[in-house]
Amino acid sequence: MGLSWQQGPLAAGAVGRFLVPDPLPERMLFAEPLRRRMRVRFADTWIADSEDVVLLHEPGRYPVAYFPTGDIDDDVLEPIDRTTRHRDLGETSWYVVRAGGRRAPRAAWRHGELPLHARELNDRVAFAWRAMDAFYEEDERIVGHAADAYHRIDIRATSRHLTVRSGDRVVADSTRPLVLYESGFAPRWYVPRADIDASALTAVEGRTFCPYKGLADYYDIGGARRAAWSYGNAWEGVRRISGMVSFEPDEIEVLLDGVRQSLEPGQSVVPHGVDRNLDLDEAAPGRDRPA
């Protein structure tokens, strides 16, 4: 799901491999210029505004944006007596973020003893995503975590025959599904509601959030729990799957052109880390723009 997460090339569970004669290090960090203007909002104040952000890709984590100290408002960062040690980047100092009468403890950090090969992060500070009110690229809010430039979604129409069964019951039968290809995952097949026996789907509580697709609702099918899901109001870039339903082949029988599908590497979803710990209301349609 990007360069260093899930099945990406720098992730521990990479589905591919580099064609080199010698083994690569178990962990590789990758830093690159974002080349986009990014801003941070806290306590109704823009506390950082930069066109010189560096994005750090670390195995098993979403990308983290590092801002030059010169592009952060004065007096926003209050040093605290807390240091930790990053396994690759050395000593890390932590800060309280303060503005507009509000304070967020341990909400920013900086690596103060960087090795020479990590000099791109010198004099840069990262903000804890959840502790801030919002992050923006230009005037559009980015929710969940910094956008991964290596994450891609392609949606293709197909006339392949997709059937979903629960025992002897046909839950879905379609020759017009959409297939969604997403970086780091195996293909997902989305079926129009008109080709589904709606009475077979039982809506359940518990929605999830994808920073690239939006909010997903889930359904039980017979005794198969959360065997199907749907993005009722998918975000603009994937609007074509709005309202359609996808089925989990490890929970329910899914056949494509008569061949039963199975859980493949990259199909299971790894729970999101700390950068994704946001309220679902923040991910709902109509995400705010700055005043």
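Remember, it's a predicted structure, so these values are computed and weren't measured experimentally. (Residues numbered from 1 in each chain as written. Predicted model: local features only at pLDDT ≥ 70, side-chain atom pairs only at ≥ 80, totals over all residues. Heavy atoms only, no water.)

Quick notes on the pattern of salt bridges
Here's step 1: Following the criterion strictly, the structure yields 21 salt bridges and no others.
Here's step 2: Across the salt bridge formed by Asp195 and Arg176, the nearest N and O atoms sit 2.9 Å from each other. Taken together, the residues Asp195 in the loop between strand 16 (188-191) and strand 17 (202-210) and Arg176 in the loop between strand 14 (169-174) and strand 15 (178-182) connect sequence positions 19 residues apart.
Here's step 3: Residue classification places Asp195 among the buried positions, given a relative accessible area of 18%.
Here's step 4: For Glu182, the salt bridge identified is with Lys213, shortest N-O distance 2.7 Å. Placement of Glu182 in strand 15 and of Lys213 in the loop between strand 17 and strand 18 (214-221) is noted, with a sequence separation of 31 residues between them.
Here's step 5: One connected set of salt bridges, linked through shared partners, spans Arg27, Glu58 and Asp88. (Salt bridge = Lys/Arg side-chain N within 4 Å of Asp/Glu carboxyl O. Helix = DSSP H or I, 4+ residues; strand = E, 2+ residues; numbered from the N terminus. Buried < 20%, exposed > 50% of the residue type's maximum accessible area, 1.4 Å probe, protein only.)

Digging into the packing of aromatic side chains
Here's step 1: Counted according to the given criterion, the structure contains seven aromatic pairs.
Here's step 2: Consider the rings of Trp5 and Tyr62, whose centres lie 4.7 Å apart with planes at 25°: the pair is stacked. Here Tyr62 lies in the loop between strand 4 (54-57) and strand 5 (64-68) and Trp5 lies in the segment before strand 1 (30-33), a separation of 57 residues in the sequence.
Here's step 3: Residue classification places Tyr62 among the buried residues on the basis of a relative accessible area of 3%.
Here's step 4: Sitting above the plane of the Trp94 ring, Arg82 keeps its charged end 5.2 Å from the centroid.
Here's step 5: The positively charged end of Arg226 is found above the aromatic ring belonging to Tyr218, 4.1 Å away from the centroid. (Phe/Tyr/Trp six-rings, centres within 6.5 Å; stacked < 30°, edge-to-face > 60°. Lys NZ or Arg CZ within 6 Å of the ring centre and 35° of its normal.)

What to know about the nonpolar core
Here's step 1: Membership of the largest hydrophobic core comes to 26 residues, with the highest contact counts inside it found for Ile47, Phe67, Val97, Phe127 and Met132.
Here's step 2: Among the elements of the structure, strand 2 (38-42), strand 3 (45-50), strand 5, strand 7 (90-99), strand 8 (102-111) and strand 9 (124-127) are those that each provide at least two residues to this core.
Here's step 3: Formed by 20 residues, the second largest nonpolar core is a distinct cluster that contains Val164, Val191, Leu201 and Ile221. (Core = buried A, V, L, I, M, F, W, Y, C linked by side-chain atoms within 4.5 Å.)

Concerning the environment of Pro79
Here's step 1: Within the secondary structure, Pro79 sits in strand 6 (residues 77-86).
Here's step 2: The class of Pro79 is exposed, set by a relative accessible area of 61%.
Here's step 3: For the pair formed by Pro79 and Tyr219, sequence separation is 140 residues and the distance between their alpha carbons is 47 Å.

Digging into a nonpolar patch on the surface
Here's step 1: Where nonpolar side chains cluster on the molecular surface, the patch consists of Phe18, Val20 and Leu24 and spans about 250 Å² of accessible area.
Here's step 2: Considering the arrangement of structural elements, one finds Phe18 in the segment before strand 1.
Here's step 3: A residue is classified by how much of its surface remains accessible, and Phe18, at 42% relative accessible area, is partly exposed. (Patch = residues over 30% accessible without salt bridge, like charges linked within 9 Å, V, L, I, M, F, W, Y side chains within 5 Å. Areas by Shrake-Rupley, 256 points an atom, 1.4 Å probe, with all protein chains shown as cover.)

Here we look at the side chain of Lys213
Here's step 1: Classification of Lys213 as buried rests on a relative accessible area of 5%.
Here's step 2: With residues up to four places along the chain from it excluded, the contact list for Lys213 reads Ile153, Leu180, Glu182, Tyr190, Tyr231, Ala234, Trp235, Val238 and Ile241. (Contact = heavy atoms within 4.5 Å.)

Observations concerning the sheet that holds strand 2
Here's step 1: The four strands are arranged 3-2-10-11 in an open sheet whose pairing can be described as antiparallel. Edge positions in the sheet fall to strand 3 and strand 11 (140-142), since each has one partner strand and no second. On average, each strand axis in the sheet is inclined to that of its neighbour by 30°, with strand direction left out of account.
Here's step 2: Bridge count between strand 10 (residues 134-137) and strand 11: three bridges; the pairing is antiparallel. By the bridge assignment, Phe135 is partnered in strand 11 with Ile142. (Pairing = 2+ DSSP bridges. Axes fitted to C-alpha atoms, helices over the stretch in contact; angles between N-to-C directions.)

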